[in-house]
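# Summary of structural features
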Amino acid sequence: MANAASGMAVHDDCKLKFLELKAKRTYRFIVFKIEEKQKQVVVEKLGEPTQSYEDFTASLPADECRYAVYDFDFVTEENCQKSRIFFIAWSPDTSRVRSKMIYASSKDRFKRELDGIQVELQATDPTEVGLDVIRSRAS
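Values in this document were obtained by computation on a predicted structure and should not be read as measured data.

### Points about the overall build of the protein chain
A tally of regular secondary structure across the protein chain gives four helices and six strands. N-terminal to C-terminal, the α/β element order of the protein chain is β-α-β-β-α-β-β-α-β-α. Relative to the 2.2 N^0.38 estimate, which gives 14 Å for 139 residues, the radius of gyration of the protein chain is 15 Å and therefore close to what a compact globule would have. In terms of overall dimensions, the protein chain has C-alpha extents of about 45 × 30 × 20 Å along its principal axes. Taken over 139 residues, the protein chain has a buried fraction of 43%. Within the protein chain, residue pairs in contact and separated by at least 24 positions form 60% of the contacts whose partners lie at least 6 positions apart.

So, in structure tokens, the structure goes:
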């Protein structure tokens, strides 16, 4: 199951929680982290449907890498209610180089496990995941 390039496995819970977010909208967001000792991606935090985008960005550590999925609801110019599922690769400048390398090399394989991602963002600081950025990428 592990990827030869990065050696990271994906815990089944990651896929199950993502399916719940996508199909049942059970969660607003999911934050994933790589457990280096176990060599696998695991769920770190689940955001309730009532939680805001600010709650989501507050869940991203200032100096550690993470993967995250955010279910963004918005209204189009035609006044239609829509939703986009964002995949965010969070890799702050202040995180360890080794951590950045592991997250970068595991990203594509992990993303393939999550079927239904519509928009991908790479972010190194909070301004790159601002609500204005999300809005502009959603439409």
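### So, the sheet that holds strand 5 (residues 81-90)
What links the strands of a sheet is backbone hydrogen bonding, and the strands pair in either a parallel or an antiparallel sense. In space, the six strands of this open sheet follow the order 1-3-2-4-5-6, with mixed pairing throughout. The open sheet has two edge strands, strand 1 (9-10) and strand 6 (119-123), and neither has a second partner. Relative to strand 4 (residues 66-75), strand 2 (residues 29-35) runs antiparallel, the two being bridged by four bridges. Each bridged residue has a counterpart across the sheet, and for phenylalanine 29 the counterpart in strand 4 is tyrosine 70.

Basis of the calculations
Residues numbered from 1 in each chain as written. Predicted model: local features only at pLDDT ≥ 70, side-chain atom pairs only at ≥ 80, totals over all residues. Heavy atoms only, no water. Helix = DSSP H or I, 4+ residues; strand = E, 2+ residues; numbered from the N terminus. Rg over C-alpha atoms; globule rule 2.2 N^0.38 Å. Buried < 20%, exposed > 50% of the residue type's maximum accessible area, 1.4 Å probe, protein only. Contact = heavy atoms within 4.5 Å. Pairing = 2+ DSSP bridges.

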